[in-house]
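A structural walkthrough
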Amino acid sequence: VPVAEDASVGTVVALLSVSDRDSGANGRVRCWVWPASPFGLEATFAGSYSLVLREALDRERVSEYEVEVRAEDGGAPALRASRGLRVPVSDVNDN
């Protein structure tokens, strides 16, 4: 679903669930968005995150974002996984 270019900062764009079946440090997961974009992650509760809008959007500048959510566990060596997301921006001020 496209995100309107006039969406408020803090708008939830997607809900994500991340899990690791290990215990202790190996079971702790760290997540982030790559590359830098107007989106960020907020932990909502154990293993759940919201992809939220952190900056105003301008469809005339960027009509679609390709973001990757990366996750890494606390093991040594760390195990990593990623998932790509496409976030289209809808225009609200064209005539």
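Let us look at the structure shown here.

Rules of the game
- What you see as residue numbers is a count from 1 along each chain, following the sequence as written.
- Selection of residues for local features in this predicted model requires a pLDDT of at least 70, selection of side-chain atom pairs for listing and counting requires 80 or more, and totals for whole chains, interfaces and linings are taken over all residues.
- Side-chain descriptors were evaluated using all non-hydrogen atoms of the structure, hydrogens and water having been removed beforehand.
- Note on conventions: DSSP H or I runs of at least 4 residues are helices, E runs of at least 2 residues are strands, and numbering of each starts at the N terminus.
- Only protein chains enter the accessibility calculation, which uses a 1.4 Å probe. A residue is then buried if its area is under 20% of the maximum for its type, exposed if over 50%, and partly exposed in between.
- Areas reported here follow the Shrake-Rupley algorithm with a probe of radius 1.4 Å; residue values treat only the protein chains shown as occluding.
- Working convention for charge: Lys and Arg count positive, Asp and Glu count negative, and His plus the chain ends are omitted.
- In plain terms, the charge of a residue is placed at NZ if it is Lys, CZ if Arg, CG if Asp and CD if Glu.
- Here the aromatic set is Phe, Tyr and Trp, taking the six-membered ring for Trp, and pairing holds for ring centres within 6.5 Å; pairs whose planes are under 30 degrees apart are stacked, those over 60 apart are edge-to-face, and all others are tilted.
- Here, a charge over a ring means that NZ of Lys or CZ of Arg falls within 6 Å of the ring centre while also lying within 35 degrees of the ring normal.
- Throughout this description, the term salt bridge denotes a Lys or Arg side-chain nitrogen within 4 Å of a carboxyl oxygen of Asp or Glu.
- The set of buried Ala, Val, Leu, Ile, Met, Phe, Trp, Tyr and Cys residues whose side-chain atoms join them within 4.5 Å is what this entry labels a nonpolar core.
- In this description, contact between two residues means that some pair of their heavy atoms is separated by no more than 4.5 Å.
- Cavities and pockets were defined on a 1 Å grid built over protein atoms only: a cavity is a set of grid points that admits a 1.4 Å probe from which the probe cannot escape, a pocket is an open set flanked by protein on both sides within 12 Å along at least five of seven lines, and lining residues are those with an atom within 4 Å of any such point.
- Grid points are joined across faces, edges and corners, and a volume is the space filled by probe spheres set on the points.
- In this classification, the charged set is Asp, Glu, Lys and Arg, the nonpolar set is Ala, Val, Leu, Ile, Met, Phe, Trp, Tyr, Cys and Pro, and all remaining amino acids, among them Gly, are polar.

**What to know about the overall build of the protein chain**
On a plain count of helices and strands, the protein chain comes out with zero helices and seven strands. By principal-axis analysis of the C-alpha atoms, the protein chain measures approximately 55 × 20 × 20 Å. Counting only residues that meet the buried cut, the protein chain has 31% of its 95 residues in that class. As displayed, the protein chain offers around 6,300 Å² of accessible surface, 48% of which is attributable to carbon and sulfur atoms. Placing the 10 positive and 15 negative side-chain charges of the protein chain at their respective mean positions leaves the two points 9 Å apart.

**Comments concerning the packing of aromatic side chains**
Scanning the model with the defined rule gives one aromatic pair in all. Here Phe39 and Tyr65 contribute two aromatic rings whose centre-to-centre distance is 5.4 Å and whose plane-to-plane angle is 85°, an arrangement assigned as edge-to-face. Of this pair, Phe39 sits in strand β4 (residues 39-45) while Tyr65 sits in strand β6 (residues 64-73), and the two are 26 residues apart along the sequence. Here Phe39 falls in the buried class, since its relative accessible area comes to 5%. The ring of Trp34 is capped by Arg70, whose NZ or CZ atom sits 4.2 Å from the centre of that ring.

**Comments concerning the pattern of salt bridges**
According to the stated counting rule, one finds six salt bridges in the structure shown. Note that Arg30 and Glu72 form a salt bridge whose closest N and O atoms lie 3.5 Å from each other. Placement of Arg30 in strand β3 (residues 29-34) and of Glu72 in strand β6 is noted, with a sequence separation of 42 residues between them. A residue is classified by how much of its surface remains accessible, and Arg30, at 48% relative accessible area, is partly exposed. Assessed through its relative accessible area of 16%, Glu72 is described here as buried. For Glu72, the salt bridge goes to Arg80, with nearest N and O atoms at 2.7 Å. Taking the relative accessible area as the measure of exposure, Arg80 reaches 63% and is therefore exposed. Via salt bridges that share partners, Arg30, Glu72 and Arg80 belong to a single interconnected network.

**Topic: the nonpolar core**
Formed by 19 residues in total, the largest nonpolar core has its most connected members in Phe39, Leu41, Leu51, Leu57, Tyr65 and Val67. Those elements that place two or more of their residues in this core are β3, β4, β5 (48-53), β6 and β7 (80-90). Element by element, the count of residues in this core is highest for β6, at four residues. Residues within four places of Leu57 in sequence aside, it is in contact with Val3, Ala4, Glu5, Pro38, Phe39, Tyr65 and Val89.

**Things to note about the layout of surface pockets**
Computed from the structure, the largest pocket encloses a volume of approximately 270 Å³. Those elements that provide at least two residues to the lining of the largest pocket are β2 (12-17), β6 and β7. The residue inventory of the lining of the largest pocket, partitioned by class, reads seven nonpolar, three polar and six charged.

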